[in-house]
Structure formats: C-alpha cells, structure tokens
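# Coordinates in review
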Amino acid sequence: MSRAVLSLGSNLGDRLGHLKSVVTGLGEALVAVSTVYETKPWGVEDQPDFLNAVCVVDDPARDEWAWLRAGQSFEQAAGRVRELRWGPRTLDVDVVTVDGVRSDDPELLLPHPGTPERASVLIPWLEIEPDAVLPGHGPIRALLSALPEADRAGVHPRPELRLAAP
Ligand SMILES: Nc1ncnc2c1ncn2[C@@H]1O[C@H](COP(=O)(O)OP(=O)(O)OP(=O)(O)O)[C@@H](O)[C@H]1O
Ligand SMILES: Nc1nc2c(c(=O)[nH]1)N=C(CO)CN2
C-alpha cells in the first residue's frame, strides 16, 4: 500500500480549475480532499493570493516516485512554466508524505521540508487527518500551534469553491 498526502496550490489563471484537474485526474486513488483555502503568499509575498488544498491518496501500485511523477504531469497539463522559486504558478503539486518514507534525494525530499512552516498545508491537512503525524516532526496539530498567529490568519476557508461532489 502507498498512501500519500499531496498539497495543491495555484495562483495564476483558472485557480479552481487547476486544482479540480488534479482531483479529477486522481480518480479512484483519491481518499479525501480538504476544503479549498484562499491563502496569503509566503516566500515571495508580492504575488497574487493562492488557492490551496490537500488530498490524501492511496494506490498500492504507486511508490513515492510515482506520486512525484503524477504531480509533475498534472503541473505540465496545467501549463506550468518554471520560473522564480516560490513565485506564481498555474499549479504546484508537492508530495508532502508517502507512508513513513524518509528521503534526502533533492529530487524527492520526504517529508517535504517546507511542511512544518506552512499553514497553507497544515490547516487543510489537519481538516482531513486531525491525528496525522509528520514523520520526524510530530503531530501536525502541534506544528500548527507553534506557528505565528499571523501565518494562520492568512489562510481562509472558501467552502463555496467545491473540488469534489459532497
Ligand atoms: N516532496 C517533493 N514534492 C515535490 N517536488 C519535490 C519534492 N522534493 C523535491 N522536489 C523537487 O522540487 C522540484 C520542484 O520544485 P518547485 O519548483 O515546485 O519548488 P517550489 O514549489 O518553488 O518550492 P517548494 O518545493 O519549497 O514548495 C522538482 O525538481 C522536484 O523534483
Ligand atoms: N500561500 C501560499 N504561498 C505560496 C505557495 C502556496 O502554495 N501557498 N506556493 C509557493 C510556491 O512554492 C510560494 N508561496
């Protein structure tokens, strides 16, 4: 079994449509998807707000590299052009965790190293897996509590933006 957590982000073009393309493309592998959140940009702050969501996926046939490739193919289909690090993009799919796998390969760092600092990942993930633990870092609930209030305040649920049928 290979159960992964994927984070999705978009701040260019049809933001909701780009996130939907992932949820649709995951098909049977999709176990859970969070609400869509509108989030203030971190990293490079002078760029449009993001839509972010987190998915839990499960597919016994896919290992961590297959999840990375799947994410990259969704990004390419959304016309993503690689430019500035942490800059605007039509679609970003990060592999947050895959089971308990740890990897220090720069092509696939697991768990994704940005996760503990990103309220835009932790808040949607906590919504669908309240007891989740980030391997090597502990419960995500505690990671979120440790973030500055200003970071959490930049993440707004947008339940009217639906990714999956209720
Ligand atoms: N866990 C991971 N998920 C997705 N990509 C990863 C992961 N670990 C390493 N990478 C590598 O990161 C590169 C893509 O980086 P990208 O341009 O998406 O970075 P970014 O989104 O600007 O920054 P960040 O990765 O901090 O969110 C790819 O070459 C990919 O192989
Ligand atoms: N709020 C938010 N900010 C970001 C995001 C993102 O998905 N959400 N992705 C980035 C690209 O790495 C840079 N900044």
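Quick look at the structure, then. Just so you know, the residues in each chain are numbered from 1, in the order the chain's sequence is written. Labels are handed out in written order, letters beginning with A for the chains and numbers beginning with 1 for the ligands. For a predicted model such as this one, the threshold for reporting local features is a pLDDT of at least 70, and the threshold for listing and counting side-chain atom pairs is 80 or more; totals across whole chains, interfaces and linings nevertheless cover every residue. By convention in this description, side-chain values take in all heavy atoms of the structure and omit both hydrogens and water.

### Describing the side chain of Q47
On the secondary structure map, Q47 appears in the loop between β3 (37-39) and β4 (50-58). Note on exposure labels: buried denotes an accessible area under 20% of the residue type's maximum, exposed denotes more than 50%, and partly exposed covers the range between, all computed with a 1.4 Å probe on protein chains only. Under the relative-accessibility criterion, Q47 is labelled buried at 10%. Two N or O atoms form a polar contact when they lie within 3.5 Å of each other; inside protein one atom must be a possible hydrogen donor and the other a possible acceptor, and for residues adjacent in sequence the pair counts only when both atoms belong to side chains. A distance of 2.7 Å separates the side chain of Q47 from the backbone oxygen of V44, its partner in a polar contact. Every residue pair with non-hydrogen atoms within 4.5 Å of one another is taken to be in contact. The contacts of Q47, once residues within four sequence positions are left out, are N11, P41, W42, W86, G87 and P88. Under the scheme used here, helices are H or I runs from DSSP no shorter than 4 residues and strands are E runs no shorter than 2 residues, and both carry numbers assigned from the N terminus.

### Some thoughts on the pairing of strand β1 (residues 3-10)
Along a regular strand, successive side chains alternate from one face of the sheet to the other. Of all eight residues that make up β1, seven are buried, and the element is covered over most of its length. Here β1 runs beside β4; their pairing, made up of eight bridges, is antiparallel. Bridge pairing links S7 to V54 in β4. Strands are treated as partners if at least two bridges between them are detected by DSSP. Relative to strand β5 (residues 92-98), β1 is paired through six bridges, and the arrangement is antiparallel. Bridge pairing in β5 places A4 opposite V98.

### A few points about the packing of aromatic side chains
Here a ring pair, both rings aromatic, is described through the centre-centre distance and the interplanar angle of the planes. When two rings of Phe, Tyr or Trp (its six-membered ring) have centres within 6.5 Å they constitute a pair, described as stacked for plane angles under 30 degrees, edge-to-face for angles over 60, and tilted for the intermediate range. This structure, assessed with the given rule, holds one aromatic pair. Aromatic side chains W42 and W86 sit 5.9 Å apart centroid to centroid with 80 degrees between the ring planes, which places their arrangement in the edge-to-face category. Pair noted here: W42 is in the loop between β3 and β4 and W86 is in the loop between α2 (64-77) and β5, with a separation of 44 residues, a long-range link. By relative accessible area, which is 33% here, W42 ends up partly exposed. In this structure W86 comes out as partly exposed when scored by relative accessible area, which is 36%.

### Some remarks on the nonpolar core
We call a set of buried residues a nonpolar core when its members are Ala, Val, Leu, Ile, Met, Phe, Trp, Tyr or Cys and they connect through side-chain atoms within 4.5 Å of each other. Among the nonpolar cores identified, the biggest contains 27 residues, and L6, L19, L26, W67 and V95 are the most heavily contacted of them. Per-element accounting of this core gives the leading share, five residues, to helix α1 (residues 15-26). If near-sequence neighbours (up to four positions away) are discounted, L26 is found in contact with L6, C55, V57, W67 and F74. Among the nonpolar cores identified, the runner-up in size contains 18 residues, and V56, I123, W125 and L144 belong to it.

### Topic: the environment of T97
Checked against the element boundaries, T97 lands in strand β5. Residue class for T97 comes out buried when judged on its relative accessible area of 5%. Excluding its chain neighbours within four sequence positions, the residues that come into contact with T97 are R3, A4, V5, L110, P111, W125, L134 and P135.

### Side note on unusual backbone geometry
With an omega dihedral of -10 degrees, the bond running from L110 to P111 counts as a cis peptide bond. The residue P111 is located in the loop between β7 (108-110) and α3 (119-128) in this model. Phi at W86 takes a positive value of approximately 65 degrees, unusual for a residue other than glycine. With a phi close to 45 degrees, D99 is a non-glycine residue in the positive phi region. Mapped onto the secondary structure, D99 falls in the loop between β5 and β6 (103-105). For D99, a relative accessible area of 35% corresponds to the partly exposed category.

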